[in-house]
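# Summary of structural features
Take a look at the letters that make up each chain.
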Amino acid sequence: MLSERRLQVLRAIVQDYVGTEEPVGSKALTERHSLGVSPATVRNDMAALEEEGFIAQPHTSAGRIPTDKGYRLFVDKLAGVKPMSPPERRAIQNFLEGAVDLDDVVARTVRLLAQLTRQVAVVQYPSLTRSTVRHVELLALAPARLMLVLITDTGRVEQRMVDCPAPFGEASLADLRARLNSRVAGRRFSDVPSLVEDLPEAFEADDRGTVSTVLSTLLETLVEENEERLMIGGTANLTRFGHDFPLTIRPVLEALEEQVVLLKLLGEAQDPGVTVRIGHENAHEGLNSTSVVSVGYGSGGEAVAKLGVVGPTRMDYPGTMGAVRAVARYVGQILAES
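To keep things clear, this report deals only with the structure shown in the data block. Just so you know, these numbers come straight off a predicted model, no measurement behind them. (Residues numbered from 1 in each chain as written. Predicted model: local features only at pLDDT ≥ 70, side-chain atom pairs only at ≥ 80, totals over all residues. Heavy atoms only, no water.)

### Regarding the packing of helix α6 (residues 102-117) against helix α12 (residues 317-337)
Defined as follows: Note on definitions: angles span 0 to 180 degrees between N-to-C directions of axes, and those axes are lines fitted to C-alpha atoms, for helices only across the stretch in contact. Here a strand is any run of E in DSSP of at least two residues, a helix any run of H or I of at least four, and the numbering for each starts at the N terminus. Roughly parallel here means an angle under 35 degrees, roughly antiparallel means over 145, roughly perpendicular means 65 to 115, and every remaining angle is called oblique. Handedness of a crossing is defined here by the sense of rotation of the near helix relative to the far one, left-handed for an anticlockwise turn of less than a right angle and right-handed for a clockwise turn. Contact definition: two residues touch when any of their heavy atoms are within 4.5 Å. Three classes are used, and their members are as follows: Ala, Val, Leu, Ile, Met, Phe, Trp, Tyr, Cys and Pro are nonpolar, Asp, Glu, Lys and Arg are charged, and the others, Gly among them, are polar.
Interaxial distance between α6 and α12 falls to 10 Å at its minimum, and their mutual angle equals 165 degrees. The pairing of α6 with α12 is recorded here as roughly antiparallel in orientation. Crossing handedness for the pair α6 and α12: right-handed. Residues Leu-102, Val-105, Thr-109, Leu-112, Leu-113, Leu-116 and Thr-117 of α6 pack against Thr-320, Ala-323, Val-324, Val-327, Val-331, Ile-334 and Leu-335 of α12. Tallied by class, the residues present in the contact of α6 with α12 amount to 11 nonpolar, 3 polar and no charged.

### Some remarks on the sheet that holds strand β6 (residues 157-163)
Basically, it comes down to this: Two strands pair if DSSP finds at least two bridges between them.
One open sheet holds the 3 strands; their spatial order is β4-β5-β6, and the pairing between them is antiparallel. The strands lining the two open edges of the sheet, one partner per strand, are β4 (133-142) and β6. Put simply, the sheet's adjacent strands are angled 20 degrees from each other on average, direction ignored. The strands touched by helix α9 (residues 205-223) within the sheet are β4, β5 (145-152) and β6, with β6 carrying the most contacts at an inclination of about 145 degrees.

### Quick look at the environment of Tyr-71
Which entries qualify depends on this criterion: Burial classes: relative accessible area under 20% of the type maximum marks a residue as buried, over 50% as exposed, and values in between as partly exposed (1.4 Å probe, protein chains only).
Of note, Tyr-71 is situated in helix α4 (residues 68-78). On the accessibility criterion, Tyr-71 (2% relative accessible area) is buried. When the C-alpha atoms of Tyr-71 and Ala-305 are compared, they prove to be 26 Å apart, with 234 residues separating the residues in sequence. Beyond its immediate chain neighbours, meaning those up to four positions away, Tyr-71 contacts Val-14, Tyr-17, Val-18, Pro-66, Ile-278, Thr-313, Arg-314 and Tyr-317.

### Remarks on the packing of aromatic side chains
Defined as follows: Here a Phe, Tyr or Trp ring, Trp counted by its six-membered ring, pairs with any other such ring whose centre lies within 6.5 Å, and the pair is stacked when the planes are under 30 degrees apart, edge-to-face when over 60, and tilted otherwise. Criterion for a charge above a ring: Arg CZ or Lys NZ at most 6 Å from the ring centre, at most 35 degrees from the ring normal.
Counted according to the given criterion, the structure contains 1 aromatic pair. Between Tyr-71 and Tyr-317, the aromatic rings sit 5.6 Å apart at their centres with planes inclined by 50 degrees, giving tilted as the arrangement. Residue Tyr-71 is located in helix α4, and its partner Tyr-317 is located in helix α12; the two are separated by 246 residues in the primary sequence. When the ring centre of Phe-95 is taken as origin, the NZ or CZ atom of Arg-108, which lies over that ring, is 5.3 Å away. Above the face of the Tyr-125 ring, Arg-229 is positioned so that its terminal group lies 3.9 Å from the ring centre.

### Remarks on the pattern of salt bridges
Operational definition: Any Lys or Arg side-chain nitrogen found within 4 Å of a carboxyl oxygen on Asp or Glu counts as a salt bridge.
Evaluated as defined, the whole model comprises 16 salt bridges. One salt bridge in this structure joins Asp-45 and Arg-6, with 2.9 Å as the shortest N-O distance. One end of the pair, Asp-45, is in helix α3 (residues 39-51); the other, Arg-6, is in helix α1 (residues 4-20), with 39 residues separating them in the sequence. Look at Asp-45 and you get buried, because its relative accessible area is 0%. In this structure, Arg-177 engages Glu-137 in a salt bridge whose closest nitrogen and oxygen atoms are separated by 2.7 Å. Placement of Arg-177 in helix α7 (residues 170-184) and of Glu-137 in strand β4 is noted, with a sequence separation of 40 residues between them. Look at Arg-177 and you get partly exposed, because its relative accessible area is 22%. When its relative accessible area of 22% is taken as the criterion, Glu-137 is described as partly exposed.

In structure tokens:
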């Protein structure tokens, strides 16, 4: 275990390096921070931190910079989450409240996160598999053709055409719509099949074929492997950090183009807290020089998807964690109200 003083020295090194982009020396540390000890003592502490792998000496510079291990200790033990100021919170709320539909919510969230953190923002669309049914609408397009509209609790809308085996009257359609919603509204997708399996028996023999066709279309919509969708923004922000990527920015940009990589990076939506993956903790080689800060978002206290940012390991962790958490909270509120 590191002593309290060495933890303070590590915190000061991280803060100075993130703020100045320059390797940090013992003299500068004692001048900028009230550590209460001499530069010689700070030098000894830095030597111990270096020996344990928390800081390193880049090339021949006299200063030291944090390693992945040093940043990890900083995030776990030393960094609080920096709360957003009231004006910042109001700006987030006003910007997101202007959204007209789910696509717009996601697009605005990406833009907002990229602007607030000046990193690359990644937002996952709410997953259908973790959703509940808000409403099922059935519309007659022709005597034997219907449109089925499934609306989820996250505001997602899925539309399907249904070709019926026989004409289906307006009264039967209203009856099916009412019975269907009384059974499935507010229920999880996984519960729906068992809730509707005996529904055709409630109808006249002539209508049962159409009811069965509508139900099979609904169930196909629910179980369809809806490809997990993502939106990404602010990639140009990475160019500001050219010197933070040891060789070139190219592997990072290539990794960001791979949807599967990004979904893995964001992690499981079930984990609601703020997750920070630093440097080599990211399995994808192209992202070994980056950190990923992500959090789950959703309505009603349950995470249905993730959002986060990707940037260099030399990151303002308290500020980034605060921004990501605040934006997730507001997106959750908007989904709950939509």
